[in-house]
Structure formats: C-alpha cells, structure tokens
Amino acid sequence: MPNITFIEPSGDERVVDVPVGWSLMQAATSQGVEGIDAECGGSCACATCHCYVEGELAARVPAPGAGESSMLDSVAAERRPNSRLSCQIKMTPELEGLVLRIAATQT
Ligand code: FES
C-alpha cells in the first residue's frame, strides 16, 4: 500500500499508509494525524483540511478544481501556491512518497 508523509503543525512527521482511492484527509484523520479538523467530512465545504504539498512529487498531484480553488480563499492560515484541501486529493500509486505539511491553524 502506498504511503505519504504528513508533517504535523508541531513539526512531527507521520508516515501513513493510504489505500488507493482514499482521500488524504481520510487517511490522516483515520490514523490520528494531528492538525486536520475536516469539519465538513470531506465535501469541500469547510477549508479545515488545509495542507501544503511539498517536494518534487508535488507536480504529480492533479490541479485543484474550481470548487476547491474557491474554498482555498477561506483557509485560516496563509494561502500559498502549494496550498490544497487534503480531502480533494485522492491517493494513487503515483503519489507514493508525497509529503504534506499541515497548515498551522485550520480555524
Ligand atoms: S474536509 Fe471540509 S473542505 Fe476538506
């Protein structure tokens, strides 16, 4: 099963196995990763699953859709070019080894 690395707001790194087809938010919250609130449960309506996609594998992540891009205007922490909502990224084998830094605050 492919894995990705979450960097929690504290700086701790968590390597998490993610079933293909799961959202990265699902993977994080189901395995106790700190810092993702996911108040809407993954329906792209809360912007509390904000992460920064880091490293050279970031280019493999499909671009955000219009709905996600609009919601990113509502994130509590700074929006950066690599900001994403982790509920909108689905795991694929190509994303093995991806690194997501969780935003310092979600609300
Ligand atoms: S969980 Fe609400 S926007 Fe991602």
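(A) Structural view of the pattern of salt bridges. Inspection of every chain in the model, using the stated rule, returns 5 salt bridges. With a closest N to O distance of 3.4 Å, Glu-8 and Arg-14 form a salt bridge. The exposure class of Glu-8 is buried, given its relative accessible area of 7%. The class of Arg-14 is partly exposed, set by a relative accessible area of 27%. Put simply, Arg-79 and Asp-73 hold a salt bridge, and the shortest N to O gap is 2.5 Å.

(B) View of the nonpolar core. The biggest cluster of nonpolar side chains holds 29 residues, and the ones touching the most others in it are Ile-4, Phe-6, Leu-24, Ile-36, Leu-85, Leu-98 and Leu-100. Put simply, the parts of the chain that give this core at least two residues each are β1 (3-7), α1 (24-30), β3 (50-54) and β5 (99-102). At 4 residues, the largest contribution of residues to this core is made by α1. Not counting residues up to four positions away in its chain, the partners in contact with Ile-4 are Arg-14, Val-15, Val-16, Val-18, Leu-24, Met-91, Leu-95, Leu-98 and Leu-100.

(C) Local environment of the side chain of Ser-83. The residue Ser-83 is located in strand β4 (residues 83-85) in this model. Owing to a relative accessible area of 3%, Ser-83 belongs among the buried residues under this scheme. There is a polar contact of 2.9 Å between the side chain of Ser-83 and the side chain of His-50. Engagement of the side chain of Ser-83 in a polar contact is seen with the backbone nitrogen of Arg-80, the distance being 2.8 Å.

(D) Structural detail: the pairing of β1. Counting buried residues along β1, 4 of its 5 residues qualify, which places the element largely inside the surrounding structure. Pairing geometry for β1 and strand β2 (residues 13-17), over 5 bridges, is antiparallel. Directly across from Phe-6, in β2, lies its bridge partner Arg-14. Connecting the antiparallel pair β1 and β2 is a turn made up of 5 residues, with Gly-11 showing a positive phi of about 100°. By the bridge criterion, 3 bridges tie β1 to β5 in an arrangement that is parallel. Looking at the pairing, Ile-7 lines up with Arg-101 of β5.

(E) Here's a closer look at the packing of aromatic side chains. A complete count under the given rule lists 0 aromatic pairs for this structure. Taking the ring centre of Tyr-52 as reference, the NZ or CZ of Arg-80 above it sits at 4.0 Å.

(F) The sheet that holds β3, seen in detail. Taken together, the 5 strands give an open sheet; going across it, the order is β2-β1-β5-β3-β4, and neighbouring strands pair in mixed fashion. Of all the strands in the sheet, just β2 and β4 have a single pairing partner and so form its edges. Here the strands of the sheet are splayed against their neighbours by 35° on average, with no regard to which way each runs.

Cut-off values and rules
Residues numbered from 1 in each chain as written. Predicted model: local features only at pLDDT ≥ 70, side-chain atom pairs only at ≥ 80, totals over all residues. Heavy atoms only, no water. Salt bridge = Lys/Arg side-chain N within 4 Å of Asp/Glu carboxyl O. Buried < 20%, exposed > 50% of the residue type's maximum accessible area, 1.4 Å probe, protein only. Core = buried A, V, L, I, M, F, W, Y, C linked by side-chain atoms within 4.5 Å. Helix = DSSP H or I, 4+ residues; strand = E, 2+ residues; numbered from the N terminus. Contact = heavy atoms within 4.5 Å. Polar contact = N/O pair within 3.5 Å; in protein donor to acceptor, adjacent residues only side chain to side chain. Pairing = 2+ DSSP bridges. Phe/Tyr/Trp six-rings, centres within 6.5 Å; stacked < 30°, edge-to-face > 60°. Lys NZ or Arg CZ within 6 Å of the ring centre and 35° of its normal. Axes fitted to C-alpha atoms, helices over the stretch in contact; angles between N-to-C directions.

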